[in-house]
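Residue-level structural notes
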Amino acid sequence: RYFRDSTIALKLCAMHSYVSLLMCFLGICCIDEFDKMGNQHQALLEAMEQQSISLAKAGIVCTLPARTSIIAAANPVGGHYNKAKTVSENLKMGSALLSRFDLVFILLDTPNEDHDHMLSEHVMAMRSGKKGFFTSATVTRNSTQDPNTSILELHSDKPLSERLKVLPGESFDPIPPQLLRKYVGYARHYVQPTVSVEAAQVLQEFYLELRKQNHGADSTPITTRQLESLIRLTEARARLDLREQATKTDAEDVVEIMKHSLLDTFSDEFGRLDFDRSQLGSGMSNRSQAKKFVAALNQIAERTYKTMFESQQLRQIAKELQIQVADFEGFISSLNEQGYLLKKGPKVYQLQTI
């Protein structure tokens, strides 16, 4: 019970991945350097999907509960996030694991005078020992009613980020950490909210609108997992206020948060929304080239009856096809993650689509 209402920040290692999740039962497991875990990502798949962990050690077979919230932070490959690539390509992380997170936020360090001023004042106040020294950046929003505009780009009259912002000169009395921990523990143990009819209608309309706007010939990146995430977040929003029923306002706040997450995921390098590039697949710039490359590999395999290719052979084939990509190794790795190629050894791949 010591870990029941606690937040534990852990770096999972190979031998303690399962143990760390079990120790955080009914708590929060915070993982830093998520991209450095390598093969240990597989240990989280069952826990995040089924909320349980199956163990088979020393003749003992059992299933243990692992109802744990996971907050993870990862760095892009090379230390720079390339918006021309998808989240999966930037993090070199499997799509199966990324799809299990309710929300994905991309934090970019872009120059902004207001935000830089706010951050510098905060750092200087901490170093000088001053308390209660707060300021705020000004964010302007332009509403639009263009029918060609995606629902994700429509903002409410008073966004959640504006309501949570501390204005210059406004008194701010933060909750002490000890009291906040007790508050969260009480809410988690005693408050089990249900979704009201009005809140359910808001969530359903948002989900159906996303499905209607963003369907393609093959499939749509918006699935029932997004709807389940919306329901979980709405219940959590009501639990924060110790309410037994989630209201329409709770649902609207969650929809705004989900919009921000999806905008980060589906925006390309030009700031346009591109729903053909999900966090699970490859970027638009590489899709046509990938199809052309895989088709050529299929033709070669049918002609030579060989499905094994070395990295140098793949590079030569791409050169003959005049396929130009900035990162060829990343291009091959993307095909491997999507199941077109299977890595069989150092710089050796097997074609899977023949």
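Structure first, text after, so check above.
Attention here is on the structure that accompanies the text. Quick caveat: nothing in here was measured; it's all calculated off a predicted structure. (Residues numbered from 1 in each chain as written. Predicted model: local features only at pLDDT ≥ 70, side-chain atom pairs only at ≥ 80, totals over all residues. Heavy atoms only, no water.)

When you go through the chain residue by residue, the secondary structure sums to 13 helices and ten strands. Out of the 354 residues in the chain, the part that is buried amounts to 34%. Of the contacts formed within the chain by residues at least 6 apart in sequence, a portion of 62% connects residues at least 24 apart. For the chain, the accessible area works out to roughly 22,700 Å², and carbon and sulfur atoms hold 53% of it. (Helix = DSSP H or I, 4+ residues; strand = E, 2+ residues; numbered from the N terminus. Buried < 20%, exposed > 50% of the residue type's maximum accessible area, 1.4 Å probe, protein only. Contact = heavy atoms within 4.5 Å. Areas by Shrake-Rupley, 256 points an atom, 1.4 Å probe, with all protein chains shown as cover.)

This part is about the pairing of strand β3 (residues 52–57). Within a regular strand, side chains alternate between the sheet's two faces. As defined by bridge partners, β3 adjoins strand β4 (residues 60–65) across six bridges and the pair is classed as antiparallel. Each residue of the ladder has a partner; that of K57, found in β4, is I60. In textbook terms, the turn of a hairpin is the stretch between consecutive antiparallel strands, and for β3 and β4 this stretch comprises two residues, one of which, A58, has a positive phi near 55 degrees. (Pairing = 2+ DSSP bridges.)

All right, on to a nonpolar patch on the surface then. Side chains of I175, L179, L180, Y183, V184, Y186, Y190, L240 and L242 sit close together on the surface and give an oily, nonpolar patch of about 850 Å² of accessible area. Tracing the backbone shows Y186 in helix α7 (residues 177–190). (Patch = residues over 30% accessible without salt bridge, like charges linked within 9 Å, V, L, I, M, F, W, Y side chains within 5 Å. Salt bridge = Lys/Arg side-chain N within 4 Å of Asp/Glu carboxyl O.)

Let us now look at the packing of aromatic side chains. Considering all chains together, one arrives at three aromatic pairs under this definition. Centre to centre, the rings of F34 and F101 are 5.9 Å apart; their planes meet at 85 degrees, and the pair counts as edge-to-face. Taken together, the positions of F34 in the loop between β2 (28–31) and α2 (42–50) and F101 in the loop between α4 (95–98) and α5 (113–128) put the pair 67 residues apart, joining distant regions of the chain. Neither F34 nor F101 differs from the other in exposure class; each is buried. (Phe/Tyr/Trp six-rings, centres within 6.5 Å; stacked < 30°, edge-to-face > 60°.)

Turning our eyes to something else, we now look at the sheet that holds strand β9 (residues 341–345). Across the sheet, which stays open at both edges, the three strands sit in the order β8-β10-β9 with antiparallel pairing between neighbours. Edge positions in the sheet fall to β8 (308–310) and β9, since each has one partner strand and no second. Between one strand and the next, the sheet's axes are offset by a mean angle of 35 degrees, whatever the strand orientation. Bridge analysis of β8 against strand β10 (residues 348–351) gives three bridges, and the strand direction is antiparallel. Counted as the bridge partner of E310 is V348 from β10. Against the sheet, helix α12 (residues 311–320) makes contact with β8, β9 and β10, and its axis sits at roughly 85 degrees relative to β8, the strand it touches most. Here helix α13 (residues 328–337) sits on the sheet and contacts β9 and β10; the angle it forms with β9, its principal contact strand, is near 105 degrees. (Axes fitted to C-alpha atoms, helices over the stretch in contact; angles between N-to-C directions.)

This brings us to the environment of I106. Tracing the sequence through the fold places I106 in the loop between α4 and α5. You can call I106 buried: its relative accessible area is 16%. With 33 residues separating them along the chain, I106 and A73 place their C-alpha atoms 9.9 Å apart. Leaving out residues up to four positions away in the same chain, I106 has contacts with Y81, V87 and D264.

Counting across every chain of the model gives eight salt bridges. A salt bridge links E49 to R225; the nearest nitrogen and oxygen atoms lie 3.0 Å apart. With E49 in helix α2 and R225 in helix α9 (residues 224–240), this residue pair connects regions lying 176 residues apart in the sequence. What makes E49 partly exposed here is its relative accessible area of 38%. The shortest N-O distance in the salt bridge between D102 and R232 comes to 2.5 Å. Remark: R232 occurs in helix α9 and D102 occurs in the loop between α4 and α5; sequence separation between them is 130 residues. Through salt bridges with shared partners, a single ionic network connects R237, D241, R243, D250 and D253.

A grouping of D109, E113, D114 and D116 is seen on the molecular surface, where their side chains present a negatively charged patch. The residue D116 is located in helix α5 in this model. Of the residues examined, D116 reaches a relative accessible area of 39% and is grouped as partly exposed. (Lys, Arg positive; Asp, Glu negative; His and termini not counted. Charge placed at Lys NZ, Arg CZ, Asp CG, Glu CD.)

As a further point, take α5. Note that an α-helix has 3.6 residues per turn; residues three or four places apart therefore point the same way. Between its terminal C-alpha atoms α5 stretches 22 Å, which fits the 22 Å expected from 16 residues at 1.5 Å a residue. If you check the start of α5, you find a side-chain oxygen 2.9 Å away from the backbone N of H115, and it comes from N112. Looking one or two residues past α5, G129 carries a phi angle of roughly 85 degrees, positive in sign. (Expected span 1.5 Å × (residues − 1). Polar contact = N/O pair within 3.5 Å; in protein donor to acceptor, adjacent residues only side chain to side chain.)

What follows is about the nonpolar core. With 23 residues, the main nonpolar core has F34, L44 and L97 as its most contacted residues. Contributing elements (two or more residues each) for this core: β2, α2, β3, α3 (87–91) and α4. The element best represented in this core is α2, accounting for four residues. Counting 18 residues, the second largest nonpolar core, distinct from the first, contains L314, I317, F328 and I332. (Core = buried A, V, L, I, M, F, W, Y, C linked by side-chain atoms within 4.5 Å.)

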